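Residues per chain, in single letters:
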Amino acid sequence: MSSTQHTHENREMSSWEDGFKHANIPMETLARLVTATMLKDYGSALEYCKMVLELEPELEVAHKLRYLLTKRMENKTENESESDSGYESDSTRCESDSSICELDSATESDVEAERRE
């Protein structure tokens, strides 16, 4: 891993930590959320994210994460159906390989739409 990638990952992790730092959420729940996300078990991660939002409904980082996890699950479903048909576009492959840790990629309108759901 290059130093640039390592620095980027540290910044992403710092964003997560800052977002959850002052929240009143059990450490075990946060640990399970992070573990499920890192293992790309997006269904479980989404469930833990929903638990976090029940405890801290105004936690911005959790809303962004829930939005991104939902998108990942949609992309995973699309990728599975495309691979069944033997077709996967370059844009789909690139998107599925990108990091879910990029919380800033969720726009304000995306997060607001997610909150209303």
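Residues numbered from 1 in each chain as written. Predicted model: local features only at pLDDT ≥ 70, side-chain atom pairs only at ≥ 80, totals over all residues. Heavy atoms only, no water.

(A) Geometry of the nonpolar core. Residues Phe20, Ile25, Leu33, Val52, Leu59, Ala62 and Leu69 are the most contacted members of the largest nonpolar core, which totals 18 residues. Of all the secondary-structure elements, those providing two or more residues to this core are helix H2 (27–38), helix H3 (42–55) and helix H4 (60–85). For this core, the element with the most residues is H3, which contributes 7 residues. (Core = buried A, V, L, I, M, F, W, Y, C linked by side-chain atoms within 4.5 Å. Buried < 20%, exposed > 50% of the residue type's maximum accessible area, 1.4 Å probe, protein only. Helix = DSSP H or I, 4+ residues; strand = E, 2+ residues; numbered from the N terminus.)

(B) Representation of the pattern of salt bridges. Overall, the coordinates contain 3 salt bridges when judged by the stated rule. A salt bridge links Glu47 to Lys50; the nearest nitrogen and oxygen atoms lie 3.9 Å apart. One end of the pair, Glu47, and the other, Lys50, are both in helix H3, 3 residues apart, so they sit about a helical turn from each other. Using a relative accessible area of 44% as the deciding quantity, one classes Glu47 as partly exposed. Residue class for Lys50 comes out partly exposed when judged on its relative accessible area of 34%. Residue Glu74 is joined to Lys71 by a salt bridge in which the shortest nitrogen-to-oxygen separation is 3.6 Å. In this pair, Glu74 and Lys71 are both assigned in helix H4, 3 residues apart and thus about one turn of the helix distant. (Salt bridge = Lys/Arg side-chain N within 4 Å of Asp/Glu carboxyl O.)

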